[in-house]
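Here is what each chain is made of, one letter per residue.
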Amino acid sequence: MKSKSHHHPTPVSNGNTSEGSSPSPPPSPRRHSAAPHCRRLLRSKTFSQSRRESSVAGIIIRRGLRYFLLLPLFYICGLLMCVGPFSGLVWQAPLPGSVYRSHEIFEKLWHEIESDNSSAIELSSVWRYGWRLKDQKPCPNTSYRHHFAPKHVSTDPSGYLIVEANGGLNQQRSSICNAVAVAGLLNAILVIPHLDFHSVWMDPSEFGDIYDEDHFIRTLKGFVEVVQELPEVVMERYAYNMTNIPNIRIEAWAPIVIRVAPFANRLAMNVPPHVQFLRCFANNIALRFSFPVSTLAKKLVKRMIEKSSRTGGKYVSVHLRFEEDMLAFSCCLYDGGKAETIEMDLVREKGWRGKFRRKGRLIQPGLNRVNGKCPLTPLEVGMMLRGMGFDNNTSIYLASGKIYQAERHLDPLRKMFPLLYTKESLATSEELAPFKGYSSRLAALDYTVCLFSEVFVTTQGGNFPHFLMGHRRYLFGGHAKTIQPDKRKLVILLQNMDISWKAFKNQMESMLIQSDRKGMDVLGTKKCRRKSSIYAYPWPECRCLLESQNSTIKLAPTPLMLDEEAESMI
């Protein structure tokens, strides 16, 4: 019986063996192709390379992050060096026009200014663009009469409108005119506006102290009903206390009675023509100064004309905003040094109680000056006018409050224009006595004398020149006859110590021509009308609206000779 044979695996020899004595070797392991091997090598190299690149990128990112985190620190340090306590250690060239040096320029050029009367300008030929008035477009044939013809059969009013007019003389004037328009829109009875007492103006005057109340009510009759006070039955409902009437501070309307306080710019300028008519009518026809104000105002105008005999009765009026409170509010500095800085800080604190010390509020006098926000000094006004060609025979009316350090600042202006007058110099102390302590009534005197001047010069923005330019446009057929200096340009010229008088004059003559053109810019245009105030730019709307009512409203005369019709305007 054959035994089973067991096959054991034969170990693989490492040496050389003969075929006969050793079994055949096991099959060789399967050989792999070269491609996968290359891929493995490539992946290995790519992985190594990416690790190296990521390491380099990580180093760069970490270093960049460090620099990025340091940037805000560098920025803060820069701010501290520029505007902080260390700013004095860093020298910075002042911006052109940022430093007040007008007094130095004046001293340098005074001898040339004093001797230069060779090219004096004639007041009668200052304005050269009057010929454009002949090119007016005729008023369209519209239905204004349908809106505003006097009402023979009036409908029942929807209620009473009470407004409190805040601000100074002309801001209150804006409130009154807007209130007339709103009352007309709502078919409401307008109660004579109450003039708000303000801590800055400190004027307790009532409406009738400044304006002719009876004329106001009588003129508006048939357009808007106006009463002096609320009826007894209405006052009884509110316990005879006006403050018990709800004060509406948003656009709203309630039956019976509505009170809006304060009320100044509550009505948009872009309104339908019939609303603009009421504004024009109230401002130019219905509002007339009270008898005491207009009586003295007419005397001042006539005296100013008499003082201007050398220039044919024509004179220049200047609205100068160089009062102490104005300088403090504008945050500007002049030539008073550290004492002036301390004084202005005290005035700001007294008048505005910390407003200028709030967090983040920076006072930058130089930047304000460069941006044309600083009031012109009397010296700067004088140099500008002499540069424009007005000689020392020109009569100047100065409309202003109490000038800051008046004697020092007015002396150069008097040297350039000896014929310098104010309401205090034209009126007697007895005539002015009833007006003392009433800033709005005094402003009304200035307003009237400026209104009838041949040339009006505005030196700072505000409601006074805003309304006066518009009123002059209304009276003078569309031309404001106003000099509006380019203060940004002027301050640069008045800081240039190398400028000659001849070069300065050339620049001022160009500025006068530009003001002449500006006086006519809005005539007949519609684009400006939609954005600008109807009180500053009354043409063409007011002209057309008033002409459409020529059967019931007498158009304003051309003034300056102060005949009976012109006198009725004031």
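Predicted model, so just to flag it, every value in this text is computed and none were measured. (Residues numbered from 1 in each chain as written. Predicted model: local features only at pLDDT ≥ 70, side-chain atom pairs only at ≥ 80, totals over all residues. Heavy atoms only, no water.)

### Some words on the pattern of salt bridges
Okay, so step 1: One pass over the structure, following the stated rule, counts 14 salt bridges.
Okay, so step 2: The partner of Arg101 in a salt bridge is Glu104, and the shortest N-O contact between them spans 3.1 Å.
Okay, so step 3: The partly exposed category is assigned to Glu104, whose relative accessible area is 29%.
Okay, so step 4: Residues joined by salt bridges that share partners form a network here, namely Lys299, Arg303 and Glu431. (Salt bridge = Lys/Arg side-chain N within 4 Å of Asp/Glu carboxyl O. Buried < 20%, exposed > 50% of the residue type's maximum accessible area, 1.4 Å probe, protein only.)

### Here's the deal with the environment of Val180
Okay, so step 1: Mapping Val180 onto the fold places it in helix α4 (residues 169-186).
Okay, so step 2: For Val180, a relative accessible area of 0% translates into the label buried.
Okay, so step 3: Placed 45 residues apart in sequence, Val180 and Glu225 show a C-alpha to C-alpha distance of 9.2 Å.
Okay, so step 4: Beyond its immediate chain neighbours, meaning those up to four positions away, Val180 contacts Leu190, Phe216, Leu220, Val224, Leu278 and Ala282. (Helix = DSSP H or I, 4+ residues; strand = E, 2+ residues; numbered from the N terminus. Contact = heavy atoms within 4.5 Å.)

### Considerations on the nonpolar core
Okay, so step 1: Formed by 71 residues in total, the largest nonpolar core has its most connected members in Val180, Leu190, Tyr211, Phe216, Tyr397 and Leu445.
Okay, so step 2: Among all residues touching Tyr211, those that are not within four sequence positions of it are Leu169, Arg173, Ile176, Leu287, Arg288, Phe289 and Ser290.
Okay, so step 3: Among the nonpolar cores identified, the runner-up in size contains 50 residues, and Cys332, Leu493, Trp501 and Leu512 belong to it. (Core = buried A, V, L, I, M, F, W, Y, C linked by side-chain atoms within 4.5 Å.)

### Focus on the packing of helix α6 (residues 213-220) against helix α8 (residues 273-286)
Okay, so step 1: Remark: α6 packs on α8, axes separated minimally by 10 Å, with the N-to-C direction vectors making an angle of 140°. On the basis of their axis angle, the class for α6 and α8 is oblique. Relative to α8, α6 is oriented so that their crossing is right-handed. Listed contacts from α8 to His215, Phe216, Thr219 and Leu220 of α6 are Phe281, Ile285 and Ala286.
Okay, so step 2: In terms of residue class, the contact of α6 with α8 is made up of five nonpolar, two polar and no charged. (Axes fitted to C-alpha atoms, helices over the stretch in contact; angles between N-to-C directions. Parallel < 35°, antiparallel > 145°, perpendicular 65-115°, else oblique. Left-handed = near helix turned anticlockwise from the far one by under 90°. Nonpolar A, V, L, I, M, F, W, Y, C, P; charged D, E, K, R; others polar.)

### Focus: unusual backbone geometry
Okay, so step 1: In this structure, Gln405 takes a positive phi of about 45° despite not being glycine.
Okay, so step 2: Classification of Gln405 by relative accessible area gives partly exposed; the value is 35%.
Okay, so step 3: For Lys481, which is not a glycine, the phi torsion comes out positive at approximately 45°.
Okay, so step 4: Tracing the backbone shows Lys481 in the loop between α18 (463-475) and β10 (482-483).
Okay, so step 5: For Lys481, a relative accessible area of 19% translates into the label buried.

### Some words on the state of the cysteines
Okay, so step 1: Going through the model one piece at a time under the given rule, you end up with two disulfides.
Okay, so step 2: Disulfide pairing is shown between Cys280 and Cys542; the S-S distance is 1.8 Å. Measuring the twist about the S-S bond at about -70°, one finds the Cys280-Cys542 disulfide to be left-handed. You can see Cys280 sitting in helix α8 and its partner Cys542 sitting in helix α22 (residues 541-547), a full 262 residues away along the chain. Both residues of the pair, Cys280 and Cys542, belong to the buried class.
Okay, so step 3: Between the sulfur atoms of Cys332 and its disulfide mate Cys374 the distance is 2.0 Å. Looking down the S-S bond of the Cys332 and Cys374 bridge, the torsion is -90°, so its handedness is left-handed. Of this pair, Cys332 sits in the loop between α10 (324-330) and α11 (337-352) while Cys374 sits in the loop between α12 (365-370) and α13 (378-388), placing them 42 residues apart in sequence. Assigned by exposure class, Cys332 and Cys374 land together as buried.
Okay, so step 4: We note that Cys177 lacks a disulfide partner, and the nearest cysteine sulfur, in Cys280, lies 9.1 Å from it. (Disulfide = S-S within 2.5 Å.)

### What to know about the packing of helix α2 (residues 102-115) against α13
Okay, so step 1: Two numbers describe how α2 lies on α13: the axes approach to 11 Å, and their chain directions differ by 35°. Note on packing geometry: the crossing formed by α2 with α13 is left-handed. Residues Ser102, His103, Ile105, Phe106, Leu109, Ile113 and Glu114 of α2 lie in contact with α13, whose contacting residues are Leu379, Glu380, Met383 and Arg386.
Okay, so step 2: Looking at the contact of α2 with α13, its residues break down into six nonpolar, two polar and three charged.

### A few points about the confidence of the model for the chain
Okay, so step 1: For the chain, mean pLDDT is 77; residues scoring 70 or higher make up 65% of the total.
Okay, so step 2: Under a pLDDT of 50 for its full length, residues 1-25 has, in the predicted model, three contacts with residues more than four places off or in other chains.
Okay, so step 3: Taken as a whole, residues 523-529 scores under 50 in pLDDT and shows 14 contacts with residues more than four places along the chain or in a different chain. (pLDDT = per-residue confidence, 0-100.)

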